[in-house]
Protein chains: 2
Amino acid sequence: MAGFEEATKVEAGADSGTFTARIDPQWTVIGNPNGGYLLAILARAAATALDDLDHPHPHPLAASAHFLATPAVGPATVTVERMRSGRTVSQVRARLSQDGRHCMEAVLTMGRLDPATEPYWFGDPPPAMPGPEDCVHVGAQPPGADFRVEMHDVVDLRLDPAGLGYLAGKPDGSGELRAWFGFADDLPPDPVNLLFVADALPPASLTINPSGWVPTLELTVYVRALPAPGRLRVRQRTRLIQGGQHGPGVMDEVCDVWDSLGRLVAQATQLASVRFQA
Amino acid sequence: MAGFEEATKVEAGADSGTFTARIDPQWTVIGNPNGGYLLAILARAAATALDDLDHPHPHPLAASAHFLATPAVGPATVTVERMRSGRTVSQVRARLSQDGRHCMEAVLTMGRLDPATEPYWFGDPPPAMPGPEDCVHVGAQPPGADFRVEMHDVVDLRLDPAGLGYLAGKPDGSGELRAWFGFADDLPPDPVNLLFVADALPPASLTINPSGWVPTLELTVYVRALPAPGRLRVRQRTRLIQGGQHGPGVMDEVCDVWDSLGRLVAQATQLASVRFQA
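Residues numbered from 1 in each chain as written. Chains lettered and ligands numbered in written order. Predicted model: local features only at pLDDT ≥ 70, side-chain atom pairs only at ≥ 80, totals over all residues. Heavy atoms only, no water.

**Side note on the pattern of salt bridges**
Here's step 1: Taken as a whole, this structure holds 36 salt bridges over all chains when the rule is applied.
Here's step 2: Here Arg148 of chain A and Asp153 of chain A are joined by a salt bridge, their closest N and O atoms 3.4 Å apart.
Here's step 3: Residue Asp153 of chain A is classed as partly exposed on the basis of its relative accessible area, which comes to 37%.
Here's step 4: Here Asp259 of chain A makes a salt bridge to Arg263 of chain A, at a shortest N to O gap of 2.9 Å.
Here's step 5: Residue classification places Asp259 of chain A among the buried positions, given a relative accessible area of 1%.
Here's step 6: What emerges from the salt-bridge pattern is a single network uniting Glu81, Arg93, Arg95 and Glu105 of chain A together with Glu81, Arg93, Arg95 and Glu105 of chain B. (Salt bridge = Lys/Arg side-chain N within 4 Å of Asp/Glu carboxyl O. Buried < 20%, exposed > 50% of the residue type's maximum accessible area, 1.4 Å probe, protein only.)

Structure below.
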């Protein structure tokens, strides 16, 4: 059982800007590597590719990825091309491929988050929800489901029971899930692993209608601050599911992550394909 | 005064996948080309590059751009690399450069929006706001401002007066602006020009504190449906402004666009740099 740090490790490859990674079987949903997990691998490669800068840019500030083909568990190649390095930020293009097959393309704006930065204005306080002890721990095998969400065994995910009618076959129609999040091995949150956290909750469409795996087409994450240690609060909402009655639909999801001090530390948006059960 | 169609025209260049564009002086903010306008140029180039497909993919479904350097008004080169073409979508990488200087890098998932697709579920009805005749027309010269937003002379932008306290020096602190949007030449909305519409409102930070130009660092737009002809309703909100007290801050903005039938047709998120007036 590989922890997140081990599962996102990249090693310098043959050329400068080329890395090898190993897609881990544990950070998957029904056997498919999670999109945020893959984006974190690309961000680690990007940070490594930039570590020769005089002003290091180790943190993804904005990362956007388009998913082309689902990679398999196992070895993968990551290529990082530096496009521009300035004093405060660098931009890189990163891609993940397997056996010459192009699986994922991302652009990342990398920089350095300053621990002293304070919010000037915010409009989104963390959502009210019961404490972790009063939330529902979700593991790899959701009640009543005929599939496994492998990655939920390596995180400590506790869902607000208010949105969990779907576990009993009674979706509440809200389009929203809220959860407390931690890594099972107590890895503290950081700017790279927040890219995963922003894609770690079950799909918000479950509160509307059952479906299987919901593959991400596009995922954009903004990391807004260095997260304080401790449990994160995560809210996952969908706003529009287009199509889906007959064949696959397309859904957006907005995911927000607050740290243990109640500060908004990551914001994500994704477009995903969803196929409802008849 | 170039209309949007003319201002986003691309012409095939020397190599396949290379196009020339002309960045127009009218589609700017304080002389700086608007980010959504540039993204629309890239989408037009992407659609043109894909027009040899058996199943055409003329519409941007998801487009995400990172801005590296502000291009100048005048000629520019657009390069499009096809990464994958499937039956339902193609993904391309597109970049804009000027005199060898890399200004902007985007990834686009292109496809074909089906006019028959219906919403399966939605959580965001269009915001309540006064009709266009009771809103405030905003032109290139905002009242009391010492700068020009050139592009606001080629659009018909009517802002909900509820959020406009800032025009009289009394920002309402809401972080939200709402507007009716049309092109001045009555160009109907389409999937490519929606990329611009999603970045066409004044920055939502004006409702908090005055600032000058707010350059976009990253912009992601999802086009969710073919828009019906007629005026669009647009809502621009910020959720967190980080830093900004001493020097530049970083702001996110969420922009939503509804068509004349009240359907959510585009959703955007951006990260921008903002410097407040002391």
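Read on, since the account is not over.
**Thoughts on the packing of aromatic side chains**
Here's step 1: Within the structure shown, the criterion is met by 22 aromatic pairs over all chains.
Here's step 2: For the ring pair Tyr120 of chain A and Phe276 of chain B, a centre distance of 4.4 Å and an interplane angle of 10° mean the geometry is stacked. Taken together, the residues span two chains, with Tyr120 of chain A in strand β9 (residues 119–122) and Phe276 of chain B in the segment after β16 (264–274).
Here's step 3: Given a relative accessible area of 11%, Phe276 of chain B falls into the buried group.
Here's step 4: Aromatic pair Phe181 of chain B and Phe196 of chain B: ring centres 6.1 Å apart, planes at 65°, arrangement edge-to-face. Here Phe181 of chain B, found in strand β12 (residues 176–183), pairs with Phe196 of chain B, found in helix α3 (residues 193–197); they are 15 residues apart in sequence, far enough to count as distant. The pair formed by Phe181 of chain B and Phe196 of chain B is uniform in burial state, with each residue classed as buried. (Phe/Tyr/Trp six-rings, centres within 6.5 Å; stacked < 30°, edge-to-face > 60°. Helix = DSSP H or I, 4+ residues; strand = E, 2+ residues; numbered from the N terminus.)

**What to know about the relation of the copies chain B and chain A**
The relation between the two chain copies is a rotation about an axis coupled with a shift along that axis.
Here's step 1: By a simple turn and slide, chain B fits onto chain A: the slide is 0.0 Å along the axis, the RMSD is 0.0 Å, and the turn is 180°. The superposition operator between the copies reduces to a two-fold rotation axis. Within chain B, Ser64 of chain B has its C-alpha nearest the rotation axis, a separation of 3.3 Å.
Here's step 2: Comparing contact sets, 100% of the residues at the interface of chain B also lie at the interface in chain A, consistent with an isologous, same-surface contact. (Least-squares fit on C-alpha atoms with pLDDT ≥ 70 in both. Contact = heavy atoms within 4.5 Å.)

**Some thoughts on the interface of chain B and chain A**
Here's step 1: The interface is formed by 55 residues belonging to chain B together with 55 residues belonging to chain A.
Here's step 2: Of the roughly 4700 Å² buried between chain B and chain A, counting both surfaces, carbon and sulfur atoms make up 54%.
Here's step 3: Counting across the chain B and chain A interface gives eight salt bridges.
Here's step 4: With its nearest N and O atoms 2.4 Å apart, the salt bridge here joins Arg239 of chain A to Asp124 of chain B.
Here's step 5: Taken together, chain B and chain A are joined by 49 residue pairs in polar contact (both at pLDDT 80 or more).
Here's step 6: At seven residues, the largest contribution of residues to the side of chain B that touches chain A is made by strand β14 (residues 232–243) of chain B.
Here's step 7: For the side of chain B that touches chain A, the per-class residue count stands at 23 nonpolar, 20 polar and 12 charged. (Buried area = accessible area lost by both parts, 1.4 Å probe. Polar contact = N/O pair within 3.5 Å; in protein donor to acceptor, adjacent residues only side chain to side chain. Nonpolar A, V, L, I, M, F, W, Y, C, P; charged D, E, K, R; others polar.)

**Thoughts on the pairing of strand β2 (residues 18–23) of chain B**
All names here are of chain B.
Here's step 1: Relative to β2, strand β1 (residues 10–12) runs antiparallel, the two sharing three bridges. Counterpart to Glu11 in the pairing with β2 is Thr20.
Here's step 2: Connecting β1 to the antiparallel partner β2 that follows it, the hairpin turn spans five residues, and Gly17 within it adopts a positive phi of roughly 90°.
Here's step 3: In this sheet, strand β6 (residues 74–85) lies alongside β2 in antiparallel orientation, the contact comprising six bridges. Note on β6: the bridge partner recorded for Ala21 is Ala76. (Pairing = 2+ DSSP bridges.)

**Focus: helix α2 (residues 35–49) of chain A**
Residue and element names in this part refer to chain A.
Here's step 1: The end-to-end C-alpha distance of α2, which contains 15 residues, comes to 21 Å, matching closely the 21 Å that a straight helix rising 1.5 Å per residue would cover.
Here's step 2: Counting buried positions along α2 yields 12 of 15 residues, so the element is predominantly enclosed.
Here's step 3: Residues Gly35, Gly36, Tyr37, Leu38, Leu39, Ala40, Ile41, Leu42, Ala43, Ala45, Ala46 and Ala47 constitute the buried set of α2.
Here's step 4: Capping the start of α2 is the job of one residue whose side-chain oxygen sits 3.0 Å from the backbone nitrogen of Gly36: Asn34. (Expected span 1.5 Å × (residues − 1).)

**Quick notes on the side chain of His152 of chain A**
Here's step 1: Tracing the backbone shows His152 of chain A in the loop between β10 (136–138) and β11 (155–159).
Here's step 2: Excluding its chain neighbours within four sequence positions, the residues that come into contact with His152 of chain A are Val138, Gly139, Ala140, Leu157, Ala200 and Pro202 of chain A.

**Re the nonpolar core**
Here's step 1: Of all hydrophobic cores here, the largest spans 74 residues; its most connected members are Trp27, Phe181 and Phe196 of chain A.
Here's step 2: Per-element accounting of this core gives the leading share, 10 residues, to α2 of chain A.
Here's step 3: Among residues more than four places away in sequence, those in contact with Phe196 of chain A are Phe4, Trp27, Asn34, Gly36, Tyr37, Met151, Val155, Phe181 and Phe183 of chain A.
Here's step 4: With 73 residues, the next largest nonpolar core counts Leu42, Val89, Met110 and Tyr166 of chain B among its residues. (Core = buried A, V, L, I, M, F, W, Y, C linked by side-chain atoms within 4.5 Å.)

**Here's the deal with unusual backbone geometry**
Here's step 1: Positive phi, normally seen in glycine, also occurs at Asp99 of chain A, with a value near 50°.
Here's step 2: Along the chain, Asp99 of chain A falls in the loop between β7 (90–98) and β8 (101–111).

**What to know about the side chain of Asp199 of chain B**
Residue and element names in this part refer to chain B.
Here's step 1: By the element assignment, Asp199 lies in the loop between α3 and β13 (216–223).
Here's step 2: Of the side chains with opposite charge, Arg237 comes closest to the buried, unpaired Asp199, at an N-O distance of 14 Å.
Here's step 3: Aside from chain neighbours lying at most four places away, what touches Asp199 is Asn34, Gly35, Gly36, Met151, Thr216, Leu219 and Gln270. (Lys, Arg positive; Asp, Glu negative; His and termini not counted.)

**Things to note about the confidence of the model for chain A**
Here's step 1: Of all residues in chain A, 100% attain a pLDDT of 70 or more, and the chain-wide mean is 95.
Here's step 2: Both scores are given for the predicted complex: the pTM is 0.97, the ipTM 0.97. (pLDDT = per-residue confidence, 0-100.)

**With respect to the environment of Val254 of chain B**
Here's step 1: Checked against the element boundaries, Val254 of chain B lands in strand β15 (residues 249–258).
Here's step 2: Beyond its immediate sequence surroundings of up to four residues, Val254 of chain B is in contact with Arg239 of chain A together with Arg235, Gln236, Arg237, Arg239, Ala268 and Thr269 of chain B.

**Overview of the pairing of β6 of chain B**
All names here are of chain B.
Here's step 1: When β6 meets strand β7 (residues 90–98), the two strands line up antiparallel, connected through eight bridges. Across the sheet, the residue bridging to Ser85 is Ser90, located in β7.
Here's step 2: Remark: four residues form the turn of the hairpin made by β6 and β7, two consecutive strands paired antiparallel.

**Examining the state of the cysteines**
Here's step 1: Taken as a whole and judged by the stated rule, the model has zero disulfides over all chains.
Here's step 2: Cysteine Cys135 of chain A shares no disulfide, and the gap to the nearest cysteine sulfur, in Cys255 of chain A, comes to 15 Å. (Disulfide = S-S within 2.5 Å.)

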